[in-house]
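In case you want the letters, here they are:
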Amino acid sequence: MYARGRSIAGPLLAVYVRPNRSSGNRLGLTVGAKLGGAVVRNRVRRRLKEAYRRNEGSLSAGFDVVLVARVRAVGASYWDLERELRRLLARLGLEHKSP
């Protein structure tokens, strides 16, 4: 995934995408130990999952998506994470316009 997919990074997270052979998207999350203890990592993981879930309907289907949290994601609000996720996915061309 990391070697063959397309990627883009921002201050809070990096996004890797690669087409898959299914009709839906699959999500992977990477939240490293560098971010803090288990409580902190799980909080970041929950926020990223919710941000993805809320925006999944506006994404093109058929991709594997991996979100990698960066150290600055720990201090970011949920809304900052969601805004960054939408911006990065749009720059990768995954966000399609709804009618």
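Here the structure is shown first, and the text comes after it.
Here's what I pulled together on the structure shown here. (Residues numbered from 1 in each chain as written. Predicted model: local features only at pLDDT ≥ 70, side-chain atom pairs only at ≥ 80, totals over all residues. Heavy atoms only, no water.)

Here helix 1 (residues 38–55) contains 18 residues, and its C-alpha end-to-end distance of 26 Å stays within 8% of the 26 Å for a straight helix at 1.5 Å per residue. Turning to helix 1, its buried residues are Val44, Leu48, Ala51, Tyr52 and Asn55. Buried residues of helix 1 fall within an arc of 95° about the axis and therefore sit on the same side. Residues of helix 1 that are exposed and point over 90 degrees away from its buried face: Val39, Arg46 and Arg53. Looking at the buried positions of helix 1, the neighbouring elements they touch are strand 2 (13–19), strand 3 (26–30), strand 4 (63–69) and helix 2 (78–91). (Helix = DSSP H or I, 4+ residues; strand = E, 2+ residues; numbered from the N terminus. Expected span 1.5 Å × (residues − 1). Buried < 20%, exposed > 50% of the residue type's maximum accessible area, 1.4 Å probe, protein only. Arc of directions from axis to C-beta. Contact = heavy atoms within 4.5 Å.)

Within strand 4, seven of the seven residues are buried, which leaves it mostly tucked inside the rest of the structure. Neither face of strand 4 is exposed, since Phe63, Val65, Leu67 and Ala69 on one face and Asp64, Val66 and Val68 on the opposite face are all buried. Pairing of strand 2 with strand 4 involves seven bridges; the strand directions are antiparallel. Counterpart to Val15 in the pairing with strand 4 is Leu67. Bridge count between strand 3 and strand 4: five bridges; the pairing is parallel. Paired with Gly28 across the two strands is Val66, which belongs to strand 4. Note that the unit made of strand 3, helix 1 and strand 4 has a crossover that is left-handed. (Pairing = 2+ DSSP bridges. Right-handed = clockwise from strand over helix to strand, strands pointing away.)

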